[in-house]
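Working through the structure, step by step
One letter stands for each residue in the lines below.
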Amino acid sequence: MRYIINYFWAILWALIMLVLMIMPSNEVGIPLFEGFDKLAHCGTFFVLAVLLYRGSIIKSKRRAYKWITIFKVLISTVIFAFITEGAQLYFSPSRTSDWWDIFADVVGIGMGTFAYILCYQKREL
């Protein structure tokens, strides 16, 4: 139960992302400019990565090993990126799966990881 509490915002955000990415494209709204969907993919995965890093920091009481945490978050978010694209392909009739969406997802994940590397300082005992 404590695990879910630490990662509550990340889990909630992932569920919101999944719902938004499966919804028919005409219900989501009209993009403001060309490439808006790539920016949205990048931004949503950036937020997801940051929330997962935040949950890890809270769970470990700021004693998390930076590189192990990075590995876990990178693997889980990249897998989630492929899952969302698969869901768009198979469960949403008005959406298509696109490799560039996965690239934008990975760029957002990389941005979140870069922020974590720059900002996180392990607390000494």
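The notes below deal with the structure included here. (Residues numbered from 1 in each chain as written. Predicted model: local features only at pLDDT ≥ 70, side-chain atom pairs only at ≥ 80, totals over all residues. Heavy atoms only, no water.)

1. Section: the overall build of the protein chain
A count of helices and strands for the protein chain gives six helices and zero strands. Beginning at the N terminus, the succession of helices and strands in the protein chain can be written as α-α-α-α-α-α. Oriented by its inertia axes, the alpha-carbon framework of the protein chain measures out at about 55 × 30 × 20 Å. Across the 125 residues that make up the protein chain, the buried fraction comes to 34%. As displayed, the protein chain offers around 8,300 Å² of accessible surface, 73% of which is attributable to carbon and sulfur atoms. One finds the centroid of the 12 positive side-chain charges in the protein chain at a distance of 24 Å from the centroid of its 8 negative side-chain charges. (Helix = DSSP H or I, 4+ residues; strand = E, 2+ residues; numbered from the N terminus. Buried < 20%, exposed > 50% of the residue type's maximum accessible area, 1.4 Å probe, protein only. Areas by Shrake-Rupley, 256 points an atom, 1.4 Å probe, with all protein chains shown as cover. Lys, Arg positive; Asp, Glu negative; His and termini not counted. Charge placed at Lys NZ, Arg CZ, Asp CG, Glu CD.)

2. Some remarks on the layout of surface pockets
To find leftover empty space, one rolls a probe the size of a water molecule over the atoms. Within this model, the second largest pocket holds a volume of roughly 400 Å³. Along its surface, the second largest pocket is lined by 18 residues, and Tyr 3, Tyr 7, Leu 52, Val 73 and Ser 76 are the ones closest to its centre. Going through the elements one at a time, helix 2 (8–22), helix 4 (36–60) and helix 5 (66–91) are the ones with two or more residues in the lining of the second largest pocket. For the lining of the second largest pocket, the element with the most residues is helix 5, which contributes seven residues. (1 Å grid on protein atoms, 1.4 Å probe; cavity = no way out; pocket = protein on both sides within 12 Å on 5 of 7 lines; lining within 4 Å. Points joined across faces, edges and corners; volume = space filled by probe spheres on them.)

3. Describing helix 6 (residues 99–119)
For helix 6, which comprises 21 residues, the first-to-last C-alpha distance of 30 Å matches the rise-based estimate of 30 Å (1.5 Å per residue) to within 8%. Taken together, the buried positions of helix 6 are occupied by Asp 101, Ile 102, Ala 104, Asp 105, Gly 108, Ile 109, Gly 112, Thr 113 and Tyr 116. (Expected span 1.5 Å × (residues − 1).)

4. Comments concerning the packing of aromatic side chains
This structure, assessed with the given rule, holds six aromatic pairs. With 6.0 Å between their ring centres and 50° between their planes, Phe 45 and Phe 80 make a pair best called tilted. One end of the pair, Phe 45, is in helix 4; the other, Phe 80, is in helix 5, with 35 residues separating them in the sequence. Judged by centre distance (5.1 Å) and plane angle (15°), the ring pair of Tyr 116 and Tyr 120 falls under stacked. Residue Tyr 116 is classed as buried on the basis of its relative accessible area, which comes to 5%. Put simply, the rings of Tyr 53, Tyr 116 and Tyr 120 pair up and form one aromatic cluster. (Phe/Tyr/Trp six-rings, centres within 6.5 Å; stacked < 30°, edge-to-face > 60°.)

5. Some details on the packing of helix 2 against helix 4
At a closest axis distance of 8 Å, the pairing of helix 2 and helix 4 adopts a crossing angle of 160°. Regarding the angle of helix 2 to helix 4, the classification is roughly antiparallel. When you trace helix 2 past helix 4, the crossing you get is left-handed. Residues Trp 9, Ala 10, Trp 13, Ala 14, Met 17 and Met 21 of helix 2 form the contact with helix 4, whose participating residues are His 41, Thr 44, Phe 45, Val 47, Leu 48, Leu 51, Leu 52 and Arg 54. In terms of residue class, the contact of helix 2 with helix 4 is built from 11 nonpolar, two polar and one charged. (Axes fitted to C-alpha atoms, helices over the stretch in contact; angles between N-to-C directions. Parallel < 35°, antiparallel > 145°, perpendicular 65-115°, else oblique. Left-handed = near helix turned anticlockwise from the far one by under 90°. Contact = heavy atoms within 4.5 Å. Nonpolar A, V, L, I, M, F, W, Y, C, P; charged D, E, K, R; others polar.)

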